[in-house]
Each structure stands twice: as C-alpha cells, then as structure tokens.
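Topology and contacts: notes
What follows is each chain in one-letter form.
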Number of protein chains: 2
Amino acid sequence: MNAEIVAVGSEMLTPQRVDTNSLYLTGELNNLGVEVVTKCVIGDHLERLRDAVRHAISRSEILIVSGGLGPTEDDLTREAVAHALDRKLHYHQEIADALEQRFARLNRKMAEVNKRQAFIIEGATILPNERGTAPGQWVEESGAVVMLLPGPPHELKAMFERQCLPRLARIVPQLVIRTIFLRVAGMGESDLDQLIAPVYKKYVNPATTILAAAGDIQVHLRARCATVAEADTLLAEVAGPIELLLGDRIYSRNGDPLEAVVGDLLRQHHATVSVAESCTGGMLGERFTSEAGSSDYFVGGFITYTNEMKMAMVGVTPELLADHGAVSKEVAEAMAVGARRRTNSTYALSITGVAGPGAGGDSAPVGTTFIGVADAAGAHVLQRQFLGDRTRIRNFASQLALDLLRRRMTGR
Amino acid sequence: MNAEIVAVGSEMLTPQRVDTNSLYLTGELNNLGVEVVTKCVIGDHLERLRDAVRHAISRSEILIVSGGLGPTEDDLTREAVAHALDRKLHYHQEIADALEQRFARLNRKMAEVNKRQAFIIEGATILPNERGTAPGQWVEESGAVVMLLPGPPHELKAMFERQCLPRLARIVPQLVIRTIFLRVAGMGESDLDQLIAPVYKKYVNPATTILAAAGDIQVHLRARCATVAEADTLLAEVAGPIELLLGDRIYSRNGDPLEAVVGDLLRQHHATVSVAESCTGGMLGERFTSEAGSSDYFVGGFITYTNEMKMAMVGVTPELLADHGAVSKEVAEAMAVGARRRTNSTYALSITGVAGPGAGGDSAPVGTTFIGVADAAGAHVLQRQFLGDRTRIRNFASQLALDLLRRRMTGR
C-alpha cells in the first residue's frame, strides 16, 4: 500500500518554513509497512488543493492532508476535499456546542468564525481533537482513505496516534517492522560512520540511517519481514557487531534522549542532582526538567552568568576568578562543588564556557568549555573546544554535561 | 507568474530528510516576484515523475526539478521530463568527453554509467555544472520553462545563480516584493484573526499570513508591486489599521523574537534582570542567554524546583509555602522579590506552575501558572491557565514572563 501526504498552508511555501509533520507521519506509516511515494506542500488555494487531492487518491490508497482546518477563511481543506470527492459539507451542531463549551471553560467567548470548524464532509468519521479546536476527519472513498488532520504538530501527533493508527492497522496488510534505535554521545558523525559502515553496508534489510545533532548521534536499524522472529534475527546480526564497536558510547537503545536516561539512572540510584550554569544559561536545567517526573531527582540550580553571581550563588572565590578566569577548570570545579554544597544534592554539574560569537572576557577562544561534576568522592572537570555557532556550542555543552554524569554514575 | 518545485529522490521520502533546496529556490524566485504555489517530493519512479511534471506545466509558468540527474539507474529525471514533454533524449558526445576529461584530471577512470549524464532533452539548453558531473537543462515549452538542476545543494545553488537567474530575469515581469513581519504576544490565534481579518481580507495584495506558536503569533504582510514606493504604500495601507487594532500586543516589527526585544529594552534602560524558575526549570534563563551579548543585562538566576530550594535560594518562607502552596500568587511574588534582592538586579521574573502531566502537589490543575515580576516599585503577579502538554505549557509560561517584563518596562 502506498501513501501520499499533502501539507496545506501558504506559510509553508515561504523560504523560511518546512513541513515537518510529514516526517513524523512517514515514520509512522513506514512502521505499518506503508511507503510514502509523494509529498506535497500546497498553498491556501481551493482549486490547487482540490486537484492535488484528486490526483493523489487516483494513484494511492492512503492520503493524509495536514493543516487548513482552522477557523479562518484561509482554511480551505474541508471545502477542497469535499469538492475533490464530490461530497457535501454538513454543519454539526454538536461540534459547535463542544467548541463553545471548551471556550467557556477557559472563561472566553467563542469567536463566531470557529463555527467553520463544525463542518464535516458527508460520510466522514469525526476525529476528536484533544489538544485543539479543529476536529479531524477520516473519509473512505472507493478503496482509498483520506485523513484530514490539524496542522499544529502536537495536535496532529496526538490525533494520528489515537485515532488514525488503530484504523489504519485494520486496513493495511500486516508486515512486521522491527527497529533498533541506538543513541550515541561523545563521537563525531564521520568517525562513527567510518567505524560501523563496514558492518551495515553489507545489508539492505535492515536499513541503517545515521542522524547527527550536536554531540548526539542516532543510529536507526529497521528490518521489514514477514515475522517478528525473522526481523529480530536480522536485526541482531547487524546490531550485535555495531554495539560491540560503539561500546559505552551508546547511552540509549530505545530512542530515549540523554536527559531521560540520566534521569532514570538518578532515580535508580535514589540520587539527586543540581546544576550551576554559566554560558548555557539554564539549558541544562531546562533539559533535566523537560522530563515528566523530574522532581524525583532534580532539585534545582544556579544560573551564574556573571562573575558576581558565581561568587554570590555558588561561592567561587574572587581569587580563583582573578587567577584563572571565569572560563577555567578551577572555576568549573568550584561551581560544581559549590552547587552541590548549597543544594545538598548527591551530584552537581557545572558548565562554564565561551558560547560566542564575541570572545570571552578571558580571551579564551569561542567554543572553549569546561564541564564539571561533583559528588561525595570529589570533583572532575572536562575541557572541550566545541565548533559552531552559539546554539550549537550550548547544545554540545549541555549534552556533554549529561553524558559526564551518566559515566560518573555507571563508573565508565 | 507562478512556479512549482519538484524534488526528486526516494531518500527524501524517509522520516529523516527534508528537501532544503526548495527553500533557497523559493527565496530566489520570490525576489524576482515569482510565487511558489506548490512543491513536491517524488521518489525515483518514472511514471509518477512524468505525471508530476505534466501537471505542473499545465498550471504554472515555471517548473524547477531538482535531483535525479546522477549516473545511476535510479536517476530518472531526464527520462521523466522528456516523456512529459513528449520529446526525445539525445546523446551529446561533447558532454561525455568533458566528463571523461574531468575524471582524468582527478586521475580516475570514468565509470561507463556516467555516460547517462550526457543525454539531453531535444531542444534543451545545456547548463554547465561547475561543481559536479551532472549538467543541468533549461527547456522551454509553450510559454512554460522547465529547469533540471542537480540535487546537491552546492551544485544546485551555483548553477541556479549563474545559469538560471539571468535567463529568468529576461522572461519574468519585473516586480518588487516588500514585507512587514509583526510578532504579537498574549493573544490567541482565533481572537487575533477575528480582530484583523476585516482589514486584511479586503486585500489580495499584500498577502497576509498568520502563524501561531505557544503564546506567540506572527503576522506576515507581503506586497508585490512594480515599484518600492507602490509596495510600501500598499503595505502601510494594510499594516496601519492592523497595528492600531493590535496596539501594544505587537512586540516586534522586524521578526525579532521576544527575548531579543526584551534584551534590547533592558540594554536601553541600562537595566539588569534575574530569574527564579520552578516549572520551566531554566527555560527562561536559556531564552535570555540565547541572545549574543546577553551578559549586558542578564545577571543570572535560580532554578528553584523544590520547596527546599525556593526557601534556600530565594528566601520563600515555610509559612507562605504551607499557607498557599508552591503554585500560588504569593510564592510567585516572593520568588521574584527574593531573586531580585539576592542578585541586586533591576528586575526579576519568577515562574511557578504545574507543567504536568501529573497534577501538582497542591492539587492545582495542570497548566495553572503564576508569573511574577519585581522591581524597585514592587511586585506584580499574573495567573494563567495554559492548555497543552508539558512542553507547550512551559513555552507559554516563558513567553508570558518575557512579555510581562516588556510591558513593565514600557509602562503598558
């Protein structure tokens, strides 16, 4: 079975925007064994949308249209799909009522335009939207299915997962897809590829994909087979040697991000952590607390952006700052030790560096970063020279700090 | 004049890859006054490609096809476009010779498959490739033009700039594009649209696009005219009433994010700021410090994730926590006042709330958030009930905190 994806919205035809919903949808469809054969972005234009829908369902069994379900006159997806299928739109009073109540719960009056969202294509199944106002629609037409999904990614994902996947599973022929999703810290992309390519290049199935971000590489292995046993055997054959080669640089085998892995380790150890951040300005704390339930182990932290705050908040001494500069091994160590003492946490992490683009006051080159960890046994500091812009340097630093704590806890 | 872009390649239909060539091409086409009305990604499949090309040139004057010009059997763009235009492919010995010489200069022997790249569509102009092996092609067909460009971005850009832009300039009517890019905080998308739609709906030119994220809405106005003066007059005619309606909810007129706008205000006022964050865990500090030069005004902050840290770091009293709970107006106020006192900053911002998905210890509902600001004149706290998941609630909270400070500084 083949699928096509149409993203609707003139804003996605500007030089600044890409459609990312299709990446999520493609991943989910691939997991069902469905290939995406075409994807398009169409502006808010009734005839172009209508024609795109007509062409797609004449060729493919599955069509997902995302966006254009909002309340404004630009939102033409409902009309366009109805025209393409030659069906009427019906007003559903119960949807309008539910919308009105939703607004009332927030002590707001519903704008009249929102009633546009109560129009449903004749014969369509209404897909409830738990995270927004626009309901989705599921329409079947002579062997093809068209899904209308809202554009905002968090709404689209929730709706696709709960409403569309179970329905798709019923109509898509079963093919088993099994994946292994390794995440690796502390290695460059080309070094990693050079190391493991001799293993995975021999196989088309499983397919191997390598994705790299600052300090974080993902290796996806994806096997498609008739049975689970067959897929798992194939995966093991390829993943085994790769895992041996990468060793303890692998921090996750299920796709969990590093903050989740470190959080789980802290929870297992009944340990707590605090942070003292300079150039990352709160990014490390933000990452720890992006995990639900992080209050089990994250107690808090200090954003010691200036020298004064390094002294006042975590007790770095003026002498240390004068002798070594704020971006130094000694100050990173003092920050970690000070944060730990003042929060009484099991572990403390510190980051001090030059994120750029301007050079640091200490004239350390942009990218110079010291990352410290402190626990009852003492403190340890890593020095790194990261390449890239401000965002990338800060991402690298927070990633390495998390990995330092992972290694400290696992004794690697 | 309208354009369409087709990116060719099955690898761009995986969950990991997006077509970025189209962003560059859209920017260049827009500069010529040409709108991109549709863009597609098509796999390496002859019939689908042929049909996509046919549909595109039946609707639009300009079609750019990128990728699929390589030497392998997967590279089908030449054949597909020839089929779509019902023209023959001709082998050009001089191209094959040039390729062979290119390989020889690198002391390599040309593989036989590379000769595929010497096939040119009947009547096409050959576009030399300075950075790779695949020549491009420029084909005119009854009022439409089709460009075949190589997929690698550095090859495509060089070829488009040197070979295509001068040719396009000759056939595209000269037009100027001018834009205004308003950013708005503290308003829902549908409320905003209801307010300003009566103004912008009257105009097709300028085109208006509305983009919404958590607590942040962007309104783009884009005018296409023969002269700069004409475009600016049209823009002023539409933007004027919109700006009056939105008033001080507009925080940026040049696309700058809120952290940059607030940073500039702090710099102008020679003021400093600190933060005390609970549920956002450092996100507000991270946003302040994402701006280069933020050390001019950002001194630091406290991530007071637990009650203990709220007491120890910013001096919230046990009585206040016991009487009102951690998620309360009183605690938000004490956090802001305490952070300001301990950092000696001009302003301090505080955030305490229930980001979910679990309910707060005080059994406040998920999304309940208090945001405080303190300065020499005292403190002020806003209460909000945000909707959405953990990420969205935290984004809303940090956005509103920044906007609260903006309003405090501008007296609005």
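So, here is what we can say about the structure in this document. As the structure is a computational prediction, the values presented were derived from the model and not from experiment.

**Observations concerning the pairing of strand β2 (residues 35-42) of chain A**
Residues and elements named next belong to chain A. With seven of eight residues buried, β2 lies mostly within the body of the structure. Here seven bridges tie strand β1 (residues 2-8) to β2, and the two strands are oriented parallel to one another. Across the sheet, the residue bridging to E4 is T38, located in β2. Regarding the hand of the β-α-β motif, the stretch spanning β1, helix α1 (residues 21-31) and β2 is right-handed.

**Digging into helix α7 (residues 228-246) of chain B**
Residues and elements named next belong to chain B. Compared with the 27 Å implied by 1.5 Å per residue over 19 residues, the 26 Å span of α7 between its first and last C-alpha is a close match. The sharpest bend along α7 measures roughly 25 degrees and falls at A239, with the proline P241 sitting one to four residues further on. Just downstream of α7 lies G247, where phi reads positive at about 55 degrees.

**Thoughts on the interface of chain B and chain A**
Note: interface size is frequently given as the accessible area lost on complex formation between the parts. Listed as interface residues are 59 residues of chain B and, on the opposing side, 59 residues of chain A. Pairing analysis gives five bridges linking strand β14 (residues 298-304) of chain A to strand β14 (residues 298-304) of chain B, with the strands arranged antiparallel. Each bridged residue has a counterpart across the sheet, and for A:F302 the counterpart in β14(B) is B:F302.

**Let's talk about the sheet that holds strand β9 (residues 176-185) of chain A**
Residues and elements named next belong to chain A. Taken together, the four strands give an open sheet; going across it, the order is β10-β11-β9-β12, and neighbouring strands pair in antiparallel fashion. Two strands in the sheet have a free side with no partner beyond their single neighbour: β10 (207-213) and β12 (250-252). With direction set aside, neighbouring strand axes in the sheet form an average angle of 30 degrees. The sheet contact formed by β10 and strand β11 (residues 216-225) spans seven bridges and is antiparallel. Counterpart to I210 in the pairing with β11 is V219. Seen against the sheet, helix α6 (residues 189-200) touches β9, β10 and β11 and runs at an angle of roughly 175 degrees to β10.

**Thoughts on unusual backbone geometry**
Residues and elements named next belong to chain A. Following N205, the chain continues into P206 via a peptide bond in cis, with omega recorded as 5 degrees. Mapped onto the secondary structure, P206 falls in the loop between α6 and β10. Cis geometry is adopted by the peptide bond preceding P357, which originates at G356 and carries an omega value of 5 degrees. Its location among the elements puts P357 in the loop between β15 (347-353) and β16 (368-375). In the Ramachandran plot, N344 falls in the positive-phi region, its phi being about 60 degrees despite a non-glycine side chain. Within the fold, N344 resides in the loop between α12 (329-343) and β15.

**Section: helix α12 (residues 329-343) of chain B**
One turn of the α-helix equals 3.6 residues, which is why residues spaced by three or four share an orientation. Residue and element names in this part refer to chain B. If you check α12, its first and last C-alpha atoms are 21 Å apart, about what 15 residues at 1.5 Å a residue would give, namely 21 Å. Counting buried residues along α12, twelve of its 15 residues qualify, which places the element largely inside the surrounding structure. N344 lies just past α12 and shows a positive phi near 65 degrees.

The rules behind each value
- Residues numbered from 1 in each chain as written.
- Chains lettered and ligands numbered in written order.
- Predicted model: local features only at pLDDT ≥ 70, side-chain atom pairs only at ≥ 80, totals over all residues.
- Buried ≥ 20, exposed ≤ 12 C-beta atoms within 10 Å, placed from the backbone.
- Helix = DSSP H or I, 4+ residues; strand = E, 2+ residues; numbered from the N terminus.
- Pairing = 2+ DSSP bridges.
- Right-handed = clockwise from strand over helix to strand, strands pointing away.
- Expected span 1.5 Å × (residues − 1).
- Bend = angle between axes of the 7 residues up to and from the residue.
- Contact = placed C-beta atoms within 7 Å.
- Axes fitted to C-alpha atoms, helices over the stretch in contact; angles between N-to-C directions.

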